[in-house]
Amino acid sequence: MAAPLAGRCNFFVQRKRRFCKMVTGRGKRFCGEHATMEEGGGGSRRIPCPLDPKHTVAEELLEKHLKKCNSRDKPRPVYYVENINAGRADKDQKFPQVTLCERSREELESLVEKLKVAVKGLQEEVEDRTLSHPVLQEELTNPNNGDSAHKHLKQQELGLLNRGRCFVEFGAGRGKLSHWIHKALKNPERTDCEEQKIIKDPETCEDLQLLLVERSSTRFKVDGKHQDGGVAFERLQVDIQHLDLSKVPLLRNTKLPLVGVGKHLCGAATDLALRCLLETPGIMEDPEPPPKRLKGSGTVPRTEDSSKTSPPGFGPGSGTGPAPVLGLVVALCCHHRCEWRHYVGQQFFLQRGLGAAEFSAFCRMSSWATCGLRPANQSGASHGPTNQRGEVEEHEAAEETEAPSGFWTAAEREQLGRLCKLLIDSGRRDFLRTRGFRSSLTRYAEAAVTLENVLLTAVPSSSSSSSSR
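Thresholds, definitions, all that
Residues numbered from 1 in each chain as written. Predicted model: local features only at pLDDT ≥ 70, side-chain atom pairs only at ≥ 80, totals over all residues. Heavy atoms only, no water. Helix = DSSP H or I, 4+ residues; strand = E, 2+ residues; numbered from the N terminus. Buried < 20%, exposed > 50% of the residue type's maximum accessible area, 1.4 Å probe, protein only. Contact = heavy atoms within 4.5 Å. Areas by Shrake-Rupley, 256 points an atom, 1.4 Å probe, with all protein chains shown as cover. Phe/Tyr/Trp six-rings, centres within 6.5 Å; stacked < 30°, edge-to-face > 60°. Core = buried A, V, L, I, M, F, W, Y, C linked by side-chain atoms within 4.5 Å. Axes fitted to C-alpha atoms, helices over the stretch in contact; angles between N-to-C directions. Parallel < 35°, antiparallel > 145°, perpendicular 65-115°, else oblique. Nonpolar A, V, L, I, M, F, W, Y, C, P; charged D, E, K, R; others polar. Left-handed = near helix turned anticlockwise from the far one by under 90°. Polar contact = N/O pair within 3.5 Å; in protein donor to acceptor, adjacent residues only side chain to side chain. Salt bridge = Lys/Arg side-chain N within 4 Å of Asp/Glu carboxyl O.

A closer look at the overall build of the chain
In terms of helices and strands, the chain carries 13 helices and 12 strands. Counting all 469 residues of the chain, 47% fall into the buried class. The long-range fraction of contacts in the chain, counting pairs at least 24 apart against all pairs at least 6 apart in sequence, stands at 68%. When the accessible surface of the chain is totalled, it reaches about 25,600 Å², and 49% of it is carbon and sulfur.

Describing the packing of aromatic side chains
Per the stated rule, a full pass over the model turns up 10 aromatic pairs. A centroid spacing of 5.5 Å and a plane angle of 80 degrees characterise the contact between Phe349 and Phe359, whose relative ring orientation is edge-to-face. Taken together, the residues span a long stretch of sequence, with Phe349 in helix 9 (residues 346–351) and Phe359 in helix 10 (residues 356–366) at a distance of 10 residues. Using a relative accessible area of 2% as the deciding quantity, one classes Phe359 as buried. Taken together, the ring pairs connect Trp340, Tyr343, Phe348, Phe349, Phe359 and Phe362 into an aromatic cluster.

As for the nonpolar core
Core analysis: the largest hydrophobic core is formed by 65 residues, its most contacted members being Phe170, Leu243 and Leu423. Tallying contributions element by element places helix 12 (residues 410–434) first for this core, with eight residues. Beyond its immediate stretch of four places on either side in the chain, Leu423 contacts Leu115, Ala118, Val119, Leu122, Tyr343, Phe348, Phe349, Leu354 and Phe362. Core analysis: the second largest hydrophobic core is formed by 20 residues, Leu210, Val261, Tyr444 and Ala445 among them.

Details of the environment of Leu250
Mapped onto the secondary structure, Leu250 falls in helix 7 (residues 249–254). Residue class for Leu250 comes out buried when judged on its relative accessible area of 13%. When the C-alpha positions of Leu250 and Phe233 are compared, they lie 10.0 Å apart, and in sequence the two are 17 residues distant.

Focus on helix 5 (residues 176–186)
A large share of helix 5 lies buried, amounting to eight of its 11 residues. For helix 5, the full list of buried residues reads Leu177, Ser178, His179, Trp180, Ile181, His182, Ala184 and Leu185.

As for the environment of His179
Within the secondary structure layout, His179 lies in helix 5. Judged by relative accessible area, His179 falls into the buried class, the value being 7%. Spatially, the C-alpha atom of His179 lies 7.9 Å from that of Asp223, the residues being 44 residues apart in sequence.

With respect to helix 10
Of all 11 residues making up helix 10, 10 are buried, and the element is well covered by its neighbours. Every buried residue of helix 10 is accounted for by Ala356, Glu358, Phe359, Ser360, Ala361, Phe362, Cys363, Arg364, Met365 and Ser366. For helix 10, the secondary structure elements touched by its buried residues are helix 2 (105–118), helix 9, helix 11 (368–371) and helix 12.

Digging into the side chain of Ser439
Secondary-structure assignment places Ser439 in strand 11 (residues 437–443). For Ser439, the contacting residues outside a window of four places in its chain are Arg429, Leu432, Leu456, Thr457 and Ala458.

Quick notes on the packing of helix 2 against helix 10
Contact geometry of helix 2 with helix 10 gives a least axis separation of 11 Å together with a crossing angle of 95 degrees. Classified by the angle their axes make, helix 2 and helix 10 are roughly perpendicular. Side by side, helix 2 and helix 10 meet where Leu111, Val112, Lys114 and Leu115 of the first sit next to Glu358, Ala361, Phe362 and Met365 of the second. Grouping the amino acids of the contact of helix 2 with helix 10 by side-chain chemistry returns six nonpolar, no polar and two charged.

Considering unusual backbone geometry
Even without glycine at this site, Arg17 takes up a positive phi of about 55 degrees. Turning to its location among the elements, Arg17 is positioned in the loop between strand 1 (12–13) and strand 2 (18–19). Not every positive phi belongs to a glycine, and Asn83 is a case in point at roughly 60 degrees. Considering the arrangement of structural elements, one finds Asn83 in the loop between helix 1 (62–68) and helix 2.

Let's talk about the packing of helix 10 against helix 12
Running from N to C, helix 10 and helix 12 point in directions that differ by 130 degrees, and their axes come no closer than 8 Å. Relative to helix 12, the element helix 10 is oriented oblique. Crossing angle aside, the handedness with which helix 10 passes helix 12 is left-handed. For the pair helix 10 and helix 12, the contacting residues are Phe359, Phe362, Cys363, Met365 and Ser366 in the first and Gly417, Cys420, Lys421, Leu423 and Ile424 in the second. For the contact of helix 10 with helix 12, the residue count by class is seven nonpolar, two polar and one charged.

Side note on the environment of Tyr343
Relative to the assigned elements, Tyr343 resides in the loop between strand 10 (325–333) and helix 9. A residue is classified by how much of its surface remains accessible, and Tyr343, at 1% relative accessible area, is buried. Those residues in contact with Tyr343, other than ones at most four positions away along the chain, are Asp271, Arg275, Phe349, Phe359, Leu423, Ile424, Gly427 and Arg428. Engagement of the side chain of Tyr343 in a polar contact is seen with the backbone oxygen of Ile424, the distance being 2.7 Å.

Concerning the pattern of salt bridges
Within this structure, the stated rule accounts for 10 salt bridges. Here Arg215 makes a salt bridge to Asp239, at a shortest N to O gap of 3.4 Å. Of this pair, Arg215 sits in the loop between strand 7 (208–213) and strand 8 (232–236) while Asp239 is found in the loop between strand 8 and helix 7, placing the two residues 24 residues apart along the sequence. Residue classification places Arg215 among the exposed residues on the basis of a relative accessible area of 54%. Ionic pairing is found between Arg433 and Asp430, a salt bridge with its closest N-O pair at 2.8 Å. Of this pair, Arg433 and Asp430 are both found in helix 12, three residues apart, which corresponds to roughly one turn of the helix. Accessibility expressed as a relative area gives 53% for Arg433, which makes it exposed. Among the charged side chains, a network of salt bridges with common partners joins Asp271, Asp425 and Arg428.

Structure below.
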């Protein structure tokens, strides 16, 4: 094991299998974060923070630190409703998690048979539909952008593009997808008004809103580039699991129709987003009285049955809540991170004689679709672009031990993994169908760009394709 660098902390970080690289004070062996390891050192004693033991604080400054610690309890916004989109927590949903490598060959072969029976009659062929918007061409040809940036740009889905709606980006991260949606709709060729007029007259931009939902505090956000454009570009730092769209002030004030978008909503996040858009309790209700009719205005008072006049299949209703849902565009990924409680296709599975145990196994097997081509005895997670954070995609790889060696070839495992993904996504499509939406799965990018290249799109069944795109 290599010795610590000169002038750097002597604390060995077991998780990273290396010494801490923080700079130490003069005459010190440990940095401020690991000063508790110092024996007989001068200065104030450091103790673990009571709110988050992952960091330390000087004991004499503890009271002051607790008032500003990022882990302190903060006032929750009005749109925070705990577990509103989590699904029911039934007692029978709790069962022991069994990895694939712990299962016998007979158990695995039985699961494969159930899988093949369940996918019969489903749409196995995913349509290839690689699109590119003109607004991206300048950046795609920019030599300053590396391969990683090019891959991200090629994955920006710009379907359902029109003004007169609010785009809700789930799992927004830095907000690049919303950034390009805004760019595309500022283009004079795509709008009814000139770009100069849009910038100078904010009232013309009331027909476009961008709402970004992200649970983490993200660095290098692009939000600042859109503060002076006259377009509502708002970010909510909240987990999708606890987001009640009917209580978001921006949506309640303008009531523009909603379009849900997401670029790589990992695992259960896709199901949470579907519930958030289409199954939020109280979204059809009118918790506040309707606005009074102003003299001389064209406002028509809402009748008792006016909430039933919205087209069938639309999620949010009229009233003081959000407007109807016009569509959904989500890039799917990381099916091995799905959870039965959150999954929207439970009824779809139950109708096929499958339950939570099979769902858990199929989620684990789904990782074979993207790692099946690697030898089963290869150790360590891939360090390629799909497992990095920042400018590259963040996909949490499944455990390498999940691929039993000797049972199937790499090509067979990959095919089985794709069938698992297809079954899970078909359950989501069935959920959308029951909510009055027609949906499709398309392959929107080449495998060289991303292995997770399947897109779920949905529009209300009652709307024509020309009006929804």
